[in-house]
Amino acid sequence: MFGNILIDKIQLNISEKDLEWAGYTVEDFKRNTRKVLLKYYNKTAFRVYSQRNAVKINLTPTRYIISGSPDIDNNLQMPSEDWFYSLIKELNFNDRKLAFALYVVELHLTKNIITKHHPSKYIDYLFNRKYKRMKATIIQSNTKGRTLSIATPKNNITKKDTTGDRQFIFYEKIQQLKDKRGGWYIDLKEHINPEILPFGTVSNDGRRLYLNNNLHILRVELQYKYSNRLKKLAQFIMKSKLSKNLTFDIFIDEMKKKTLYNTLESYYINELEEYIFYKPSKTTQEKNLSIWKRLLSDLIDNTDTKLMAGLYNDCGLGNKYQSCIKDIQPKMNKELYQELHTKLCTLNRNENLQNSSPLLAVSGSG
């Protein structure tokens, strides 16, 4: 089923002093952590290292390997919560002392949604909206696509970081998969129901995704990269403003109750509602469109807007086109807003992910 949250990146830090307090030696801890992770992940999907008197574990949970299957290395699917908790227990991270001393210092929560239009249309729309305490920036733009960042301003202008401590990233996933895989299809770790994808985009057995023009996937990542901002997530989970740090024992308690994924998705939705979708598209400016403008609106729905503008300009009708666009834009914006809001901000149930195919988190139609 679609609609599941993905943990695309997590970084855990523990000071060497706290590690010894928990009863572990630094080198043995790193050696055992690497040994366990290598059983379930490609060696490029994680990093265990020492820096500034601390041990750091950086992991991409979505790049897990299915036992007995070839390594299908992509980050489209999330392992089941039971699977993930079993991994944590094998790492011994559920040891109470250790979990209390492990700090979550970086976290990327992600959804992929199947969209009606090409992702660039949504990126252009979001780029032109206004946000409170956030700034929209195109951080990558080329012939293959654009990446949009909506982020808090960086606090220290001398740092190389381009953004602050919270950012939302929007980009086209299909093009990224083509660039990385160099082909026209990608094999999946878990099968999906072919009936819920556009015709011709998935194999009959639901194990292969075809990267053709009929499939549009917009990836939306919520990224936190400084631990002081993650206290908000700790407070959300603990339901207390007294929580100051996101320690891993908080995640352990949620996994024991099998509620971690649902809780993270609820938080992800709350953040989108607060910072991205806090102000619906205006509807007061909508006009009763003539039949020709309605036809143009339908045509634009299935065509690149820049291509359309170029065609009208070549015919000497550029001014007429721009005049029509001003009339139909409010209707188009409202539809884009409603689609994004519905598919990103609908809370989904996340049980039995291995059996229900946690690929491409999207709700509703696709």
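Up top is the structure.
Please read all numbers here as calculations on a predicted model, not as lab measurements. (Residues numbered from 1 in each chain as written. Predicted model: local features only at pLDDT ≥ 70, side-chain atom pairs only at ≥ 80, totals over all residues. Heavy atoms only, no water.)

Draft legend 1. Region of interest: the pattern of salt bridges. By the definition in use, this model includes 18 salt bridges. Notably, a salt bridge pairs R31 with D28, separated by 2.6 Å at the nearest N-O pair. Of this pair, R31 and D28 both sit in helix 2 (residues 26–40), three residues apart, which is roughly one turn of that helix. Of the charged contacts in the structure, one is a salt bridge between K232 and E271, with a shortest N-O distance of 2.7 Å. Highlighted residues: K232 in helix 7 (residues 231–238) and E271 in helix 9 (residues 260–275), separated in sequence by 39 residues. Using a relative accessible area of 1% as the deciding quantity, one classes E271 as buried. Each of R133, K232, E271 and E274 takes part in a single network of salt bridges with overlapping partners. (Salt bridge = Lys/Arg side-chain N within 4 Å of Asp/Glu carboxyl O. Helix = DSSP H or I, 4+ residues; strand = E, 2+ residues; numbered from the N terminus. Buried < 20%, exposed > 50% of the residue type's maximum accessible area, 1.4 Å probe, protein only.)

Draft legend 2. Structural context of the pairing of strand 3 (residues 54–59). Most of strand 3 is tucked away, with six of its six residues classed as buried. Across the two faces of strand 3 the burial is the same, with A54, K56 and N58 and V55, I57 and L59 all buried. Relative to strand 3, strand 1 (residues 6–15) runs antiparallel, the two being bridged by six bridges. For Q11, the partnering residue across the bridge sits in strand 3 and is N58. (Pairing = 2+ DSSP bridges.)

Draft legend 3. Structural context of the packing of helix 8 (residues 248–256) against helix 9. Their axes nearest at 7 Å, the elements helix 8 and helix 9 cross at an angle of 120 degrees. Looking at the two axes, helix 8 sits oblique to helix 9. The residues of helix 9 that touch helix 8, namely those facing F251, E254 and M255, are L260, T263 and L264. Classifying every residue of the contact of helix 8 with helix 9 gives four nonpolar, one polar and one charged. (Axes fitted to C-alpha atoms, helices over the stretch in contact; angles between N-to-C directions. Parallel < 35°, antiparallel > 145°, perpendicular 65-115°, else oblique. Contact = heavy atoms within 4.5 Å. Nonpolar A, V, L, I, M, F, W, Y, C, P; charged D, E, K, R; others polar.)

Draft legend 4. Quick peek at the side chain of N74. Along the polypeptide, N74 turns up in the loop between strand 3 and helix 3 (81–90). The class of N74 is buried, set by a relative accessible area of 4%. Reaching out from N74, the side chain makes a polar contact with the backbone oxygen of D187 at a distance of 3.2 Å. Dropping the residues within four chain positions of it, N74 is found in contact with T62, R63, I186, D187 and K189. (Polar contact = N/O pair within 3.5 Å; in protein donor to acceptor, adjacent residues only side chain to side chain.)

Draft legend 5. Representation of the environment of D124 in the model. Take D124: it is sitting in helix 5 (residues 119–127). Relative accessible area serves as the criterion here: at 24%, D124 is assigned to the partly exposed category. The sequence separation of D124 and R146 amounts to 22 residues, and the corresponding C-alpha distance is 9.0 Å. Here the side chain of D124 touches R146 through a polar contact of 2.8 Å, side chain to side chain.

Draft legend 6. Highlighting the packing of aromatic side chains. For the coordinates displayed, the defined rule picks out twelve aromatic pairs. On the numbers, 5.0 Å between centres and 75 degrees between planes, the contact of W184 with Y185 is edge-to-face. Exposure remark for W184: the relative accessible area of 55% places this residue in the exposed category. A relative accessible area of 32% places Y185 in the partly exposed class. Ring centres 6.3 Å apart and planes at 35 degrees place the aromatic pair Y224 and Y267 in the tilted group. Highlighted residues: Y224 in strand 10 (residues 217–224) and Y267 in helix 9, separated in sequence by 43 residues. (Phe/Tyr/Trp six-rings, centres within 6.5 Å; stacked < 30°, edge-to-face > 60°.)

Draft legend 7. Spatial organisation of helix 2. Relative to the 21 Å expected for 15 residues at 1.5 Å per residue, helix 2 spans 22 Å between its end C-alpha atoms, a close match to the ideal helical length. Taken together, the buried positions of helix 2 are occupied by V26, F29, K30, T33, V36 and L37. Taken end-on, helix 2 shows its buried residues confined to a sector of 140 degrees, consistent with a single buried face. Facing away from the buried side of helix 2 by more than 90 degrees, the exposed set consists of R31 and K35. Looking at the packing, one finds that the buried side of helix 2 touches strand 1, helix 1 (16–21), strand 2 (46–51), strand 3, helix 3 and helix 4 (96–101). (Expected span 1.5 Å × (residues − 1). Arc of directions from axis to C-beta.)

Draft legend 8. Expanded view of unusual backbone geometry. Notably, N53 is not glycine yet its phi reads approximately 60 degrees, a positive angle. Mapped onto the elements, N53 comes out in the loop between strand 2 and strand 3. Overall, the relative accessible area of 61% leaves N53 in the exposed class. Phi angles above zero are rare outside glycine, and K239 is one such case at about 55 degrees. With respect to the helices and strands, K239 occurs in the loop between helix 7 and helix 8. Residue class for K239 comes out exposed when judged on its relative accessible area of 74%.

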